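Below are the chains, spelled out letter by letter.
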Amino acid sequence: MSKKKKKSIDVIIVGGGIAGCVLAFHLSNANLKVKVFERRSRKNVGHDWCDSIEKEAFSYAGIPPPKGKERKKDRNHLAILSPNLESIVHLKYYNYWIVDRKLFQERLYELAEKAGAEFQFETEIIEPMGRGQWVVGVKKKDGSIEDARLIIDCSGKERILTKNIEILDLNVNLDKEDYIKAHRELHKISDGNLDWQNHEISKKVLYYRYGYEKGFSWLNFEDDNHLDIGAGVGKGFSDRSPKAIVNDFVNSRNNIDNDKVRGGGGEIIIRRPTTMVWYGFLAVGEAACQVIPTTGCGVGSAMIAAKIAAEVTVESLLKKEVSIDSLWEYQVRYIKERGRNHAALDMMRRLFLRFDEEEISYLVKKEILTKQDFENIIHAKYTRIGLLRILLTAFKGISRIKLMLKVGKAIMKSNRIFAHYKKMPKKYNSKRYHEWLLGQLHLFEKIEEK
Ligand SMILES: Cc1cc2nc3c(=O)[nH]c(=O)nc-3n(C[C@H](O)[C@H](O)[C@H](O)COP(=O)(O)OP(=O)(O)OC[C@H]3O[C@@H](n4cnc5c(N)ncnc54)[C@H](O)[C@@H]3O)c2cc1C
(Lines give C-alpha, C1' and ligand atoms only; values in the text may rest on other atoms or scores of the structure.)
Protein backbone atom coordinates (compact mmCIF):
# COMPACT_ATOMS: atom_id res chain seq x y z
CA MET A 1 0.00 0.00 0.00
CA SER A 2 1.49 3.35 -0.98
CA LYS A 3 1.66 5.94 1.78
CA LYS A 4 0.77 9.55 0.86
CA LYS A 5 3.97 11.61 1.08
CA LYS A 6 3.76 14.45 3.62
CA LYS A 7 4.21 17.80 1.86
CA SER A 8 7.47 19.39 2.98
CA ILE A 9 7.44 22.91 4.40
CA ASP A 10 7.99 25.73 1.91
CA VAL A 11 8.51 28.54 4.40
CA ILE A 12 9.34 28.66 8.11
CA ILE A 13 8.54 31.94 9.86
CA VAL A 14 10.04 32.60 13.29
CA GLY A 15 7.80 34.96 15.29
CA GLY A 16 4.03 35.19 15.05
CA GLY A 17 3.71 38.94 15.67
CA ILE A 18 2.71 41.50 13.05
CA ALA A 19 5.22 40.76 10.28
CA GLY A 20 4.98 36.98 10.80
CA CYS A 21 1.18 36.94 10.50
CA VAL A 22 0.96 39.24 7.45
CA LEU A 23 3.56 37.07 5.70
CA ALA A 24 1.87 33.83 6.72
CA PHE A 25 -1.45 35.16 5.38
CA HIS A 26 -0.11 36.08 1.93
CA LEU A 27 2.17 33.07 1.50
CA SER A 28 -0.59 30.63 2.48
CA ASN A 29 -2.97 32.37 0.09
CA ALA A 30 -0.42 31.62 -2.62
CA ASN A 31 -0.75 27.90 -1.74
CA LEU A 32 2.61 27.60 -0.01
CA LYS A 33 3.00 25.39 3.05
CA VAL A 34 3.85 27.77 5.87
CA LYS A 35 4.76 27.04 9.48
CA VAL A 36 5.06 29.78 12.08
CA PHE A 37 6.92 29.26 15.37
CA GLU A 38 5.95 31.65 18.16
CA ARG A 39 7.50 31.43 21.60
CA ARG A 40 4.55 32.90 23.49
CA SER A 41 1.09 31.45 24.01
CA ARG A 42 -1.51 32.77 21.58
CA LYS A 43 -3.29 34.93 24.14
CA ASN A 44 -0.03 36.54 25.23
CA VAL A 45 1.06 37.79 21.81
CA GLY A 46 0.42 41.48 21.07
CA HIS A 47 0.48 44.51 23.32
CA ASP A 48 -2.16 44.93 25.97
CA TRP A 49 -2.81 48.51 24.81
CA CYS A 50 -3.61 50.58 21.71
CA ASP A 51 -0.93 51.66 19.22
CA SER A 52 -0.91 54.18 16.37
CA ILE A 53 -0.65 52.40 13.02
CA GLU A 54 -0.30 54.09 9.63
CA LYS A 55 -3.53 53.90 7.64
CA GLU A 56 -1.65 53.36 4.38
CA ALA A 57 -0.04 50.19 5.76
CA PHE A 58 -3.39 48.36 5.72
CA SER A 59 -4.15 49.07 2.07
CA TYR A 60 -0.53 48.43 1.03
CA ALA A 61 -0.38 45.12 2.90
CA GLY A 62 -3.82 43.98 1.71
CA ILE A 63 -5.20 43.72 5.25
CA PRO A 64 -8.76 45.03 5.79
CA PRO A 65 -8.72 48.23 7.89
CA PRO A 66 -9.55 48.03 11.61
CA LYS A 67 -13.14 48.70 12.63
CA GLY A 68 -15.50 48.38 15.58
CA LYS A 69 -13.82 47.80 18.95
CA GLU A 70 -10.44 47.34 17.27
CA ARG A 71 -10.28 51.02 16.29
CA LYS A 72 -10.36 53.97 18.71
CA LYS A 73 -11.41 57.54 17.94
CA ASP A 74 -9.66 58.96 14.88
CA ARG A 75 -7.31 61.90 15.35
CA ASN A 76 -6.67 64.61 12.80
CA HIS A 77 -5.22 67.24 15.06
CA LEU A 78 -1.76 66.93 16.59
CA ALA A 79 -0.17 69.43 18.91
CA ILE A 80 3.63 69.25 19.07
CA LEU A 81 5.08 70.81 22.21
CA SER A 82 8.67 71.92 22.67
CA PRO A 83 10.68 70.15 25.42
CA ASN A 84 10.25 73.17 27.74
CA LEU A 85 6.47 73.10 27.00
CA GLU A 86 6.50 76.78 25.97
CA SER A 87 5.93 76.53 22.22
CA ILE A 88 3.31 74.59 20.33
CA VAL A 89 2.96 73.59 16.67
CA HIS A 90 -0.42 72.45 15.35
CA LEU A 91 -0.68 69.80 12.65
CA LYS A 92 -4.02 69.04 11.02
CA TYR A 93 -2.93 65.77 9.51
CA TYR A 94 -2.32 62.43 11.21
CA ASN A 95 -2.31 59.47 8.88
CA TYR A 96 -2.63 56.86 11.66
CA TRP A 97 -5.42 54.85 13.23
CA ILE A 98 -5.33 54.08 16.93
CA VAL A 99 -5.68 50.33 17.08
CA ASP A 100 -6.22 47.78 19.88
CA ARG A 101 -3.18 45.53 19.41
CA LYS A 102 -4.73 42.48 21.12
CA LEU A 103 -7.79 42.51 18.87
CA PHE A 104 -5.73 43.28 15.78
CA GLN A 105 -3.30 40.44 16.54
CA GLU A 106 -6.16 37.97 16.95
CA ARG A 107 -7.69 39.12 13.65
CA LEU A 108 -4.33 38.52 11.95
CA TYR A 109 -4.21 34.97 13.36
CA GLU A 110 -7.70 34.29 12.05
CA LEU A 111 -6.84 35.62 8.58
CA ALA A 112 -3.60 33.61 8.36
CA GLU A 113 -5.15 30.39 9.70
CA LYS A 114 -8.10 30.67 7.33
CA ALA A 115 -5.61 30.97 4.48
CA GLY A 116 -3.97 27.70 5.64
CA ALA A 117 -0.97 28.76 7.76
CA GLU A 118 0.03 26.51 10.65
CA PHE A 119 1.05 28.11 13.95
CA GLN A 120 3.02 26.43 16.73
CA PHE A 121 2.77 28.52 19.89
CA GLU A 122 5.01 28.23 22.94
CA THR A 123 7.80 27.06 20.64
CA GLU A 124 11.04 28.97 21.00
CA ILE A 125 13.62 28.95 18.23
CA ILE A 126 17.20 29.37 19.34
CA GLU A 127 19.24 29.59 16.13
CA PRO A 128 19.29 29.16 12.35
CA MET A 129 20.70 25.97 10.79
CA GLY A 130 23.11 26.37 7.88
CA ARG A 131 24.55 24.30 5.06
CA GLY A 132 27.50 26.02 3.41
CA GLN A 133 26.40 29.60 2.95
CA TRP A 134 22.70 28.65 2.92
CA VAL A 135 20.21 28.94 5.75
CA VAL A 136 18.19 25.72 5.58
CA GLY A 137 16.37 25.34 8.88
CA VAL A 138 15.89 26.35 12.51
CA LYS A 139 16.74 24.75 15.84
CA LYS A 140 14.09 24.70 18.56
CA LYS A 141 14.85 25.07 22.26
CA ASP A 142 14.21 21.34 22.78
CA GLY A 143 17.05 20.64 20.32
CA SER A 144 14.89 19.42 17.42
CA ILE A 145 15.40 20.83 13.94
CA GLU A 146 12.92 21.87 11.24
CA ASP A 147 13.87 22.47 7.59
CA ALA A 148 12.18 24.45 4.85
CA ARG A 149 12.97 25.91 1.43
CA LEU A 150 13.05 29.42 2.86
CA ILE A 151 13.50 30.70 6.43
CA ILE A 152 12.16 34.09 7.55
CA ASP A 153 13.09 35.92 10.74
CA CYS A 154 10.10 37.88 12.11
CA SER A 155 11.18 37.66 15.75
CA GLY A 156 11.02 41.41 16.34
CA LYS A 157 13.60 42.99 18.58
CA GLU A 158 15.02 39.54 19.50
CA ARG A 159 16.43 39.16 15.92
CA ILE A 160 17.02 35.56 16.90
CA LEU A 161 18.13 34.29 13.49
CA THR A 162 19.55 37.50 12.05
CA LYS A 163 21.93 38.12 14.93
CA ASN A 164 23.31 34.59 14.51
CA ILE A 165 24.16 34.94 10.80
CA GLU A 166 27.70 36.21 10.76
CA ILE A 167 27.78 37.82 7.38
CA LEU A 168 27.53 41.41 6.02
CA ASP A 169 25.90 43.52 8.76
CA LEU A 170 23.16 41.00 9.60
CA ASN A 171 24.68 40.31 13.02
CA VAL A 172 25.60 43.94 13.68
CA ASN A 173 26.04 44.68 17.39
CA LEU A 174 23.33 47.16 18.30
CA ASP A 175 24.30 49.81 20.83
CA LYS A 176 22.41 52.21 23.08
CA GLU A 177 21.78 54.71 20.28
CA ASP A 178 19.88 52.04 18.38
CA TYR A 179 17.16 51.71 21.03
CA ILE A 180 14.45 53.70 22.70
CA LYS A 181 12.80 52.63 25.96
CA ALA A 182 9.04 53.15 25.79
CA HIS A 183 6.14 52.86 28.21
CA ARG A 184 2.45 53.69 27.95
CA GLU A 185 -0.54 53.40 30.30
CA LEU A 186 -4.25 53.96 29.92
CA HIS A 187 -5.89 55.70 32.91
CA LYS A 188 -9.45 56.62 33.78
CA ILE A 189 -10.07 60.36 34.13
CA SER A 190 -12.72 61.80 36.39
CA ASP A 191 -14.37 65.19 35.82
CA GLY A 192 -12.36 68.36 35.56
CA ASN A 193 -9.83 69.79 33.17
CA LEU A 194 -6.33 68.57 32.53
CA ASP A 195 -3.40 70.69 31.51
CA TRP A 196 0.20 70.30 30.45
CA GLN A 197 1.89 73.34 31.93
CA ASN A 198 -0.16 76.18 30.36
CA HIS A 199 -1.82 74.08 27.71
CA GLU A 200 -5.28 72.80 28.41
CA ILE A 201 -5.60 69.21 27.14
CA SER A 202 -8.41 68.89 24.60
CA LYS A 203 -10.11 65.52 24.16
CA LYS A 204 -9.86 65.94 20.39
CA VAL A 205 -6.11 66.47 20.13
CA LEU A 206 -3.11 64.14 20.35
CA TYR A 207 -0.20 65.85 22.15
CA TYR A 208 3.48 65.09 21.57
CA ARG A 209 6.27 66.67 23.62
CA TYR A 210 9.14 66.26 21.22
CA GLY A 211 12.80 66.18 22.27
CA TYR A 212 12.04 65.60 25.97
CA GLU A 213 14.54 63.29 27.76
CA LYS A 214 16.16 62.53 24.37
CA GLY A 215 12.86 61.11 23.19
CA PHE A 216 9.22 62.14 23.37
CA SER A 217 6.16 61.93 25.59
CA TRP A 218 2.52 61.94 24.60
CA LEU A 219 -1.07 62.32 25.83
CA ASN A 220 -4.19 61.19 23.99
CA PHE A 221 -7.80 60.66 25.06
CA GLU A 222 -8.74 57.25 23.66
CA ASP A 223 -12.33 58.05 24.55
CA ASP A 224 -14.03 60.69 26.73
CA ASN A 225 -12.92 59.05 30.00
CA HIS A 226 -9.61 57.38 29.23
CA LEU A 227 -6.24 58.99 28.69
CA ASP A 228 -3.27 57.24 27.06
CA ILE A 229 -0.10 58.55 28.71
CA GLY A 230 3.22 57.54 27.22
CA ALA A 231 6.91 58.26 26.99
CA GLY A 232 9.96 57.11 25.08
CA VAL A 233 13.50 57.96 26.20
CA GLY A 234 16.82 57.52 24.41
CA LYS A 235 18.47 54.43 25.95
CA GLY A 236 21.64 55.41 27.72
CA PHE A 237 20.98 59.12 27.15
CA SER A 238 18.54 59.77 29.96
CA ASP A 239 18.58 58.54 33.55
CA ARG A 240 14.81 58.65 33.74
CA SER A 241 12.74 55.61 32.92
CA PRO A 242 9.71 56.17 30.68
CA LYS A 243 7.57 54.49 33.34
CA ALA A 244 8.67 57.10 35.89
CA ILE A 245 7.74 59.91 33.46
CA VAL A 246 4.26 58.40 33.03
CA ASN A 247 3.83 57.80 36.79
CA ASP A 248 4.93 61.34 37.65
CA PHE A 249 2.27 62.74 35.35
CA VAL A 250 -0.39 60.45 36.83
CA ASN A 251 0.55 61.31 40.42
CA SER A 252 0.62 65.04 39.77
CA ARG A 253 -3.06 65.23 38.70
CA ASN A 254 -5.95 64.63 41.12
CA ASN A 255 -8.42 63.65 38.44
CA ILE A 256 -6.34 60.78 37.04
CA ASP A 257 -7.13 57.41 38.60
CA ASN A 258 -3.88 55.97 40.01
CA ASP A 259 -4.54 52.41 38.81
CA LYS A 260 -3.85 51.83 35.15
CA VAL A 261 -6.54 50.17 33.03
CA ARG A 262 -3.95 48.53 30.77
CA GLY A 263 -0.48 49.24 29.44
CA GLY A 264 3.15 48.24 29.55
CA GLY A 265 6.48 48.91 27.94
CA GLY A 266 9.71 47.69 26.46
CA GLU A 267 12.62 48.54 24.23
CA ILE A 268 12.25 49.33 20.53
CA ILE A 269 15.01 49.18 17.89
CA ILE A 270 14.95 52.54 16.14
CA ARG A 271 17.82 52.48 13.69
CA ARG A 272 18.08 52.27 9.91
CA PRO A 273 17.54 48.81 8.41
CA THR A 274 20.26 46.19 8.31
CA THR A 275 20.77 43.87 5.32
CA MET A 276 17.52 41.92 4.96
CA VAL A 277 18.41 38.93 2.78
CA TRP A 278 20.84 36.06 2.51
CA TYR A 279 20.86 32.67 0.80
CA GLY A 280 17.54 31.02 1.68
CA PHE A 281 16.82 33.71 4.23
CA LEU A 282 14.86 36.94 4.81
CA ALA A 283 14.40 39.24 7.82
CA VAL A 284 11.20 41.26 8.10
CA GLY A 285 9.89 43.86 10.58
CA GLU A 286 11.76 44.93 13.69
CA ALA A 287 14.12 41.95 13.19
CA ALA A 288 15.41 43.87 10.14
CA CYS A 289 15.36 47.20 12.04
CA GLN A 290 12.44 48.62 10.07
CA VAL A 291 10.85 50.75 12.82
CA ILE A 292 10.45 54.50 12.14
CA PRO A 293 13.54 55.96 13.88
CA THR A 294 11.85 59.22 14.89
CA THR A 295 8.67 57.78 16.45
CA GLY A 296 9.26 54.15 17.43
CA CYS A 297 6.27 53.06 15.31
CA GLY A 298 7.10 49.73 13.71
CA VAL A 299 3.80 48.07 12.90
CA GLY A 300 3.15 49.86 9.59
CA SER A 301 6.64 49.15 8.26
CA ALA A 302 6.42 45.51 9.37
CA MET A 303 3.15 45.13 7.41
CA ILE A 304 4.51 46.84 4.29
CA ALA A 305 7.78 44.89 4.37
CA ALA A 306 5.85 41.64 4.89
CA LYS A 307 3.76 42.30 1.77
CA ILE A 308 6.83 43.01 -0.35
CA ALA A 309 8.65 39.99 1.12
CA ALA A 310 5.64 37.75 0.38
CA GLU A 311 5.52 38.84 -3.28
CA VAL A 312 9.25 38.29 -3.76
CA THR A 313 9.12 34.93 -1.94
CA VAL A 314 6.29 33.59 -4.09
CA GLU A 315 8.10 34.59 -7.28
CA SER A 316 11.42 33.14 -6.07
CA LEU A 317 9.91 29.82 -4.97
CA LEU A 318 8.08 29.50 -8.28
CA LYS A 319 11.42 29.91 -10.05
CA LYS A 320 12.96 27.45 -7.54
CA GLU A 321 15.59 30.09 -6.91
CA VAL A 322 15.97 31.41 -3.35
CA SER A 323 19.53 32.65 -3.53
CA ILE A 324 20.38 36.21 -2.48
CA ASP A 325 20.27 37.23 -6.19
CA SER A 326 16.61 36.41 -6.42
CA LEU A 327 15.60 37.63 -2.93
CA TRP A 328 17.51 40.90 -3.38
CA GLU A 329 14.41 42.40 -5.01
CA TYR A 330 12.81 42.53 -1.53
CA GLN A 331 15.61 44.66 -0.12
CA VAL A 332 15.60 46.98 -3.16
CA ARG A 333 11.83 47.52 -3.01
CA TYR A 334 11.77 48.04 0.75
CA ILE A 335 14.65 50.53 0.71
CA LYS A 336 12.86 52.50 -2.01
CA GLU A 337 9.49 52.38 -0.26
CA ARG A 338 10.68 53.17 3.28
CA GLY A 339 14.29 52.28 4.11
CA ARG A 340 16.00 55.31 2.62
CA ASN A 341 13.61 57.68 4.41
CA HIS A 342 14.27 55.84 7.66
CA ALA A 343 18.04 56.02 7.09
CA ALA A 344 17.96 59.81 6.59
CA LEU A 345 15.68 60.25 9.61
CA ASP A 346 17.98 58.01 11.64
CA MET A 347 20.91 60.28 10.81
CA MET A 348 18.84 63.34 11.77
CA ARG A 349 17.77 61.70 15.05
CA ARG A 350 21.33 60.77 16.00
CA LEU A 351 22.52 64.30 15.43
CA PHE A 352 19.60 65.79 17.36
CA LEU A 353 20.38 63.44 20.28
CA ARG A 354 23.44 65.66 20.68
CA PHE A 355 21.33 68.84 21.05
CA ASP A 356 20.13 69.77 24.52
CA GLU A 357 16.50 70.49 25.39
CA GLU A 358 17.02 74.25 25.47
CA GLU A 359 18.40 74.14 21.92
CA ILE A 360 15.47 72.10 20.61
CA SER A 361 13.00 74.41 22.38
CA TYR A 362 14.68 77.37 20.66
CA LEU A 363 14.42 75.67 17.24
CA VAL A 364 10.69 75.07 17.77
CA LYS A 365 10.06 78.61 19.05
CA LYS A 366 11.86 80.21 16.10
CA GLU A 367 10.09 77.87 13.67
CA ILE A 368 13.43 76.61 12.46
CA LEU A 369 11.89 73.21 13.00
CA THR A 370 8.79 73.74 10.88
CA LYS A 371 5.34 72.18 10.65
CA GLN A 372 6.50 70.31 7.56
CA ASP A 373 9.51 68.91 9.46
CA PHE A 374 7.23 67.54 12.19
CA GLU A 375 4.84 66.10 9.62
CA ASN A 376 7.79 64.32 8.03
CA ILE A 377 9.18 63.14 11.38
CA ILE A 378 5.85 61.59 12.30
CA HIS A 379 4.99 60.15 8.91
CA ALA A 380 8.54 58.91 8.21
CA LYS A 381 9.01 60.95 5.05
CA TYR A 382 12.31 62.54 4.23
CA THR A 383 12.41 65.34 1.69
CA ARG A 384 15.84 66.47 0.65
CA ILE A 385 16.47 69.92 2.12
CA GLY A 386 17.82 72.43 -0.41
CA LEU A 387 20.37 75.21 -0.02
CA LEU A 388 17.74 77.98 0.07
CA ARG A 389 16.06 76.38 3.08
CA ILE A 390 19.45 76.01 4.82
CA LEU A 391 20.17 79.71 4.27
CA LEU A 392 16.70 80.80 5.43
CA THR A 393 17.12 78.60 8.50
CA ALA A 394 20.48 80.15 9.30
CA PHE A 395 18.93 83.63 8.97
CA LYS A 396 16.11 82.83 11.43
CA GLY A 397 18.64 81.80 14.05
CA ILE A 398 21.24 84.46 13.28
CA SER A 399 21.86 85.14 16.99
CA ARG A 400 22.85 81.51 17.64
CA ILE A 401 25.52 80.92 15.02
CA LYS A 402 26.98 77.79 16.69
CA LEU A 403 23.58 76.15 16.96
CA MET A 404 22.78 77.04 13.35
CA LEU A 405 26.01 75.43 12.22
CA LYS A 406 24.99 72.24 14.04
CA VAL A 407 21.58 72.36 12.32
CA GLY A 408 23.20 72.92 8.91
CA LYS A 409 25.49 69.95 9.50
CA ALA A 410 22.56 67.74 10.49
CA ILE A 411 20.68 68.68 7.30
CA MET A 412 23.66 68.09 5.05
CA LYS A 413 24.51 64.73 6.60
CA SER A 414 20.91 63.55 6.33
CA ASN A 415 20.80 64.65 2.68
CA ARG A 416 24.00 62.74 2.07
CA ILE A 417 22.73 59.52 3.61
CA PHE A 418 19.48 59.79 1.61
CA ALA A 419 21.52 60.16 -1.59
CA HIS A 420 23.73 57.21 -0.58
CA TYR A 421 20.71 54.94 -0.13
CA LYS A 422 19.44 55.91 -3.58
CA LYS A 423 22.66 54.40 -4.92
CA MET A 424 22.27 51.01 -3.24
CA PRO A 425 22.99 48.35 -5.93
CA LYS A 426 19.79 47.25 -7.65
CA LYS A 427 21.23 43.79 -8.34
CA TYR A 428 23.21 41.83 -5.75
CA ASN A 429 26.90 41.99 -6.42
CA SER A 430 29.06 41.05 -3.45
CA LYS A 431 31.87 43.53 -4.16
CA ARG A 432 29.62 46.48 -5.03
CA TYR A 433 27.32 45.86 -2.06
CA HIS A 434 30.25 45.60 0.35
CA GLU A 435 31.54 48.94 -0.92
CA TRP A 436 28.10 50.52 -0.53
CA LEU A 437 27.72 49.07 2.98
CA LEU A 438 31.11 50.36 4.05
CA GLY A 439 30.22 53.80 2.69
CA GLN A 440 27.03 53.75 4.75
CA LEU A 441 28.85 52.64 7.92
CA HIS A 442 31.45 55.32 7.36
CA LEU A 443 28.84 58.09 7.06
CA PHE A 444 27.27 57.03 10.36
CA GLU A 445 30.58 56.39 12.14
CA LYS A 446 31.60 59.99 11.62
CA ILE A 447 28.86 61.36 13.89
CA GLU A 448 29.80 59.05 16.73
CA GLU A 449 33.39 60.31 16.51
CA LYS A 450 32.49 63.97 17.07
C1 LIG B 1 5.73 50.53 24.64
C2 LIG B 1 5.71 50.36 23.15
C3 LIG B 1 4.86 51.15 22.38
C4 LIG B 1 4.82 51.01 20.99
N5 LIG B 1 3.97 51.79 20.28
C6 LIG B 1 3.88 51.62 18.94
C7 LIG B 1 2.92 52.37 18.20
O8 LIG B 1 2.16 53.19 18.73
N9 LIG B 1 2.86 52.16 16.86
C10 LIG B 1 3.67 51.26 16.22
O11 LIG B 1 3.59 51.12 14.99
N12 LIG B 1 4.59 50.56 16.91
C13 LIG B 1 4.71 50.71 18.25
N14 LIG B 1 5.64 49.97 18.96
C15 LIG B 1 6.60 49.12 18.20
C16 LIG B 1 5.92 47.87 17.63
O17 LIG B 1 5.27 47.18 18.66
C18 LIG B 1 6.92 46.95 16.95
O19 LIG B 1 7.84 47.67 16.18
C20 LIG B 1 6.18 45.93 16.06
O21 LIG B 1 5.39 45.09 16.86
C22 LIG B 1 7.15 45.14 15.23
O23 LIG B 1 6.48 44.08 14.58
P24 LIG B 1 7.24 42.71 14.30
O25 LIG B 1 6.28 41.80 13.66
O26 LIG B 1 8.52 43.00 13.63
O27 LIG B 1 7.62 42.17 15.76
P28 LIG B 1 6.66 41.74 16.93
O29 LIG B 1 5.28 42.21 16.71
O30 LIG B 1 7.35 42.14 18.18
O31 LIG B 1 6.63 40.16 16.83
C32 LIG B 1 7.76 39.36 17.11
C33 LIG B 1 7.29 38.03 17.64
O34 LIG B 1 8.37 37.11 17.66
C35 LIG B 1 8.28 36.32 18.82
N36 LIG B 1 9.62 35.79 19.12
C37 LIG B 1 10.70 36.48 19.56
N38 LIG B 1 11.75 35.66 19.71
C39 LIG B 1 11.33 34.42 19.36
C40 LIG B 1 11.96 33.16 19.32
N41 LIG B 1 13.23 33.00 19.69
N42 LIG B 1 11.24 32.08 18.92
C43 LIG B 1 9.95 32.21 18.56
N44 LIG B 1 9.28 33.41 18.59
C45 LIG B 1 9.96 34.49 18.97
C46 LIG B 1 7.78 37.29 19.87
O47 LIG B 1 7.18 36.63 20.97
C48 LIG B 1 6.78 38.14 19.08
O49 LIG B 1 5.47 37.65 19.15
C50 LIG B 1 5.68 50.08 20.34
C51 LIG B 1 6.52 49.25 21.11
C52 LIG B 1 6.55 49.40 22.49
C53 LIG B 1 7.48 48.52 23.29
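Residues numbered from 1 in each chain as written. Predicted model: local features only at pLDDT ≥ 70, side-chain atom pairs only at ≥ 80, totals over all residues.

**Here we look at the overall build of the protein**
- Each helix and strand counted, the protein has 11 helices and 20 strands in total.
- In terms of C-alpha radius of gyration, the protein reaches 23 Å, essentially the compact-globule figure of 22 Å for 450 residues.
- Expressed along its principal axes, the backbone C-alpha trace of the protein runs to roughly 85 × 50 × 35 Å.
- Looking at the protein as a whole, 44% of its 450 residues qualify as buried. (Helix = DSSP H or I, 4+ residues; strand = E, 2+ residues; numbered from the N terminus. Rg over C-alpha atoms; globule rule 2.2 N^0.38 Å. Buried ≥ 20, exposed ≤ 12 C-beta atoms within 10 Å, placed from the backbone.)

**Regarding the nonpolar core**
- Counting residues in hydrophobic clusters, the biggest one holds 122 residues, and the most contacted among them are Val-22, Leu-23, Val-284, Ala-306 and Ala-309.
- Looking at this core, the element that brings in the most residues is helix 6 (residues 324-352), giving 12 residues. (Core = buried A, V, L, I, M, F, W, Y, C linked by C-beta atoms within 7 Å.)

**Examining the sheet that holds strand 9 (residues 134-140)**
- Read from one edge to the other, the open sheet built from three strands follows the order 8-9-10, with strand pairing classed as antiparallel. Looking at the sheet topology across the chains shown, the edges are occupied by strand 8 (125-131) and strand 10 (145-147). Within this sheet the neighbouring strands show an average axis-to-axis angle of 35°, counted without direction.
- In this sheet, strand 9 lies alongside strand 8 in antiparallel orientation, the contact comprising six bridges. Each residue of the ladder has a partner; that of Pro-128, found in strand 9, is Val-138. (Pairing = 2+ DSSP bridges. Axes fitted to C-alpha atoms, helices over the stretch in contact; angles between N-to-C directions.)

**Considering the packing of helix 1 (residues 18-29) against helix 3 (residues 101-115)**
- In the contact formed by helix 1 and helix 3, the axes pass within 8 Å of each other and the chain directions differ by 20°. As far as their axial angle goes, helix 3 and helix 1 are roughly parallel. Here helix 1 runs over helix 3; the crossing is left-handed. Seen from helix 1, the contacting residues are Cys-21, Val-22, Ala-24, Phe-25, Ser-28 and Asn-29; seen from helix 3, they are Leu-108, Tyr-109, Leu-111, Ala-112 and Ala-115. (Parallel < 35°, antiparallel > 145°, perpendicular 65-115°, else oblique. Left-handed = near helix turned anticlockwise from the far one by under 90°. Contact = placed C-beta atoms within 7 Å.)

**Re the sheet that holds strand 11 (residues 150-153)**
- Strand order in the open sheet formed by six strands is 7-2-1-11-20-19, and the pairing between neighbours is mixed. A strand with exactly one partner marks an edge of an open sheet, and here the two such strands are strand 7 (118-120) and strand 19 (277-278).
- With four bridges connecting them, strand 1 (residues 11-14) and strand 11 associate as parallel partners. The residue of strand 11 that forms the bridge with Val-14 is Asp-153.
- Sheet contacts for helix 1: strand 1, strand 2 (34-37) and strand 11; angle to strand 2, the most-contacted strand, approximately 165°.

**Structural notes on the site of the ligand**
- Not every one of the 38 residues close to the ligand is listed here, only the nearest: Gly-15, Gly-17, Gly-156, Gly-285 and Gly-298.
- Both domains that furnish three or more residues to the shell around the ligand are identified here as domain 1 (11-69 + 98-172 + 271-338) and domain 2 (177-269). (Near = placed C-beta within 6 Å. Domains from an automatic or database assignment.)

**A few points about unusual backbone geometry**
- A positive phi angle is found at Asn-31, which is not glycine, with a value near 70°.
- Residue placement: Asn-31 occurs in the loop between helix 1 and strand 2.
- Asn-31 sits in the exposed class, given 11 other C-beta atoms within 10 Å.
- Located in the positive-phi region is Lys-320, a residue other than glycine, with phi close to 55°.
- Looking at the secondary structure, you find Lys-320 in the loop between helix 5 (299-318) and helix 6.

**Some remarks on the environment of Arg-389**
- By secondary structure assignment, the location of Arg-389 is in helix 9 (residues 387-396).
- Separated by 169 residues in sequence, Arg-389 and Asn-220 place their C-alpha atoms 33 Å apart.

**Some remarks on the pairing of strand 4 (residues 78-81)**
- Two elements, strand 4 and strand 5 (residues 88-91), share four bridges in a ladder whose sense is antiparallel. Counterpart to Ile-80 in the pairing with strand 5 is Val-89.
- Where strand 4 folds back on strand 5, the antiparallel hairpin that results is connected by six residues, among which Leu-85 adopts a positive phi of roughly 65°.
- Two strands pair when backbone bridges link them, and strand 4 and strand 15 (residues 206-212) are joined in this way by four bridges, in the parallel orientation.

**Description of the domain arrangement of the protein**
- Annotation of the protein at the domain level lists domain 1 (11-69 + 98-172 + 271-338), domain 2 (177-269) and domain 3 (344-449).
- Distance from the C-alpha centre of domain 2 to the C-alpha centre of domain 3: 28 Å.
- Residues belonging to the side of domain 2 that touches domain 3 are distributed by class as follows: two nonpolar, two polar and two charged. (Nonpolar A, V, L, I, M, F, W, Y, C, P; charged D, E, K, R; others polar.)

**Some words on the pairing of strand 12 (residues 179-189)**
- Counting buried positions along strand 12 yields eight of 11 residues, so the element is predominantly enclosed.
- Where strand 12 meets strand 18 (residues 256-269), 10 bridges bridge the pair, whose relative direction is antiparallel. Across the sheet, the residue bridging to His-187 is Lys-260, located in strand 18.
- Where strand 12 lies against strand 17 (residues 226-234), nine bridges are found, and the strand directions are antiparallel. By the bridge assignment for strand 17, His-187 is matched with Leu-227.

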